[in-house]
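Fold and contact review
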Amino acid sequence: MSAVTTTTTATTAATATGATAATTPLAATVENPQVRRRRRLSPGKQLPATRFLGPALLLALWAAASAAGQLDPGAIPAPWTVLETGVHLWTDGTLPTDILTSLQRAGSGFAIGLAAGIALALASGLSRTGEALIDGSVQLNRAIPTLGLIPLFILWLGIGETFKIAIIAIVVYIPIYLNTHAALSGIDSRFVELAEVQGLSRYAFIRRIVIPGALPGFFVGLRLGVTGSWLGLVVLEQINATSGLGYMMFQAQNYGQTDVILVGLVVYGIFGLISDSAVRLIERRVLSWRRTLSS
C-alpha cells in the first residue's frame, strides 16, 4: 500500500511538473507579447504616384514664396506667370515647334547610343578579345568630357544636325555600356558551368542566362542614358540652332526673359521625369520575377 501511494505521488508530481513546463512558454508569451514579434525592416508597401510628391512640394513652396513676395519677380517669376507665358508660347505655335524639334534630336541620338551601347557591351562582355579591343577605348572615351568633343565634331561633321545627334549618342551609349558590361561581368560563373554541363548552345546560353543576368544593370544604364540625352540636348541646342527648347532659352537670355527660360526648364524637367518613369515601368514589368525592396 505504501509503495502504491509513493508511485501515485511521484506520477502526480511529474504530471504537474510537465504541465508547468508546457505552460511556461505560453505564459511568458502572454506576459511579454513582443518576444515573438518579428521586427519589420522593409520600407513597406510602395504607394502609387509618390515620385510626384517631391515636385509637387517644390511647386507649392515656390508658389507660397512668390505670393508672400519673398522672390524677386524679375529673377524668379511666379508659377502662374510661367504658366501664362507657356500658354502664350503654345498658342502662337512657338513652343510646339521647338518641342517637336528637340524630341527628334533627342530621339535620334538616343536610338543610336542605345544600339551602340548594347552591341559594344555584348561584344566586350562575352569575349576576352572583344573586351581587350573595346573596353579600354570606351574607358578612355568616358574619361574625356563629352561636351569637350564639340569643337572637334564640328570640324568633322559640320555645325548642322549631325554633330548634335552624334554628341547625344555618345552621352547615351557610355552609361549603357558601362552598366551592361558590369552586369555581364558580374554573372555567377556557376551559371556558366551549369550551361556547359547542360550542353546549351551559344544562342540558348545568351537567351536564358546572359540576358536575364544583364537586364538589371542594363536598365540602370538606360535610365542614366535617357537623362543624359536631355542634359546634352539643352547645351547642344544653343550652338548654331534655329529651333528647339535650348535655342528658345538662349534667345530668351539675350532679351532677359526669365519666364521663357523657366518654361524651357519646366518642359525639360517634365520630359525627363516622364521618360524616367516610363523606363521604371518597363523595368518593373520585365523584371517582375525579382523580389527586391522596391517591389
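Structure shown above.
These remarks concern the structure in this document. (Residues numbered from 1 in each chain as written. Predicted model: local features only at pLDDT ≥ 70, side-chain atom pairs only at ≥ 80, totals over all residues. Heavy atoms only, no water.)

**Considerations on the nonpolar core**
Core analysis: the largest hydrophobic core is formed by 43 residues, its most contacted members being Leu95, Phe153, Ile167, Phe219, Leu222, Leu245 and Tyr268. Elements that contribute at least two residues to this core include exactly helix 3 (79-91), helix 4 (94-125), helix 5 (128-143), helix 6 (150-157), helix 7 (161-185), helix 9 (202-236), helix 10 (245-254) and helix 11 (258-286). A total of 11 residues in this core trace back to one element, the largest contributor, which is helix 7. With residues up to four places along the chain from it excluded, the contact list for Phe153 reads Gly158, Phe163, Ala166, Ile167 and Ile170. Leu184, Ile187, Val210 and Ala214 belong to the second largest nonpolar core, which has eight residues in total. (Core = buried A, V, L, I, M, F, W, Y, C linked by side-chain atoms within 4.5 Å. Buried < 20%, exposed > 50% of the residue type's maximum accessible area, 1.4 Å probe, protein only. Helix = DSSP H or I, 4+ residues; strand = E, 2+ residues; numbered from the N terminus. Contact = heavy atoms within 4.5 Å.)

**Points about the pattern of salt bridges**
Counted by the stated rule, this structure contains six salt bridges. Across the pair Glu131 and Arg128 runs a salt bridge, and its minimum N-O distance is 3.1 Å. Within this pair, Glu131 and its partner Arg128 are both found in helix 5, separated by three residues, close to a single helical turn. A residue is classified by how much of its surface remains accessible, and Glu131, at 24% relative accessible area, is partly exposed. One salt bridge in this structure joins Asp276 and Arg280, with 3.2 Å as the shortest N-O distance. (Salt bridge = Lys/Arg side-chain N within 4 Å of Asp/Glu carboxyl O.)

**Some words on the layout of surface pockets**
Put simply, the largest pocket is a space of about 750 Å³. When residues of the lining of the largest pocket are assigned to their parent elements, the largest contribution, nine residues, is made by helix 11. Considered class by class, the residues forming the lining of the largest pocket number 22 nonpolar, two polar and no charged. Within this model, the second largest pocket holds a volume of roughly 450 Å³. Gly125, Leu126, Leu184, Val192 and Phe205 are, among the 18 residues lining the second largest pocket, the residues nearest its centre. Among the elements of the structure, helix 4, helix 5, helix 7, helix 8 (189-198) and helix 9 are those that each provide at least two residues to the lining of the second largest pocket. (1 Å grid on protein atoms, 1.4 Å probe; cavity = no way out; pocket = protein on both sides within 12 Å on 5 of 7 lines; lining within 4 Å. Points joined across faces, edges and corners; volume = space filled by probe spheres on them. Nonpolar A, V, L, I, M, F, W, Y, C, P; charged D, E, K, R; others polar.)

**With respect to a nonpolar patch on the surface**
Taken together, the side chains of Leu152, Leu155, Trp156 and Leu157 make up a nonpolar region of the molecular surface, amounting to roughly 460 Å² of accessible area. On the basis of relative accessible area, Trp156 is assigned to the exposed category, the value being 59%. (Patch = residues over 30% accessible without salt bridge, like charges linked within 9 Å, V, L, I, M, F, W, Y side chains within 5 Å. Areas by Shrake-Rupley, 256 points an atom, 1.4 Å probe, with all protein chains shown as cover.)

**Quick word on the environment of Arg105**
Within the secondary structure layout, Arg105 lies in helix 4. For Arg105 and Leu236, which are 131 residues apart along the polypeptide, the C-alpha to C-alpha distance reads 9.9 Å. If sequence neighbours within four positions are ignored, Arg105 has contacts with Glu161, Lys164, Ile165, Ile168, Leu233, Glu237, Ala241, Ser243 and Gly244. Within the structure, the side chain of Arg105 is placed 2.7 Å from the side chain of Glu161, a separation counted as a polar contact. (Polar contact = N/O pair within 3.5 Å; in protein donor to acceptor, adjacent residues only side chain to side chain.)

Keep in mind these values describe shape, not function.
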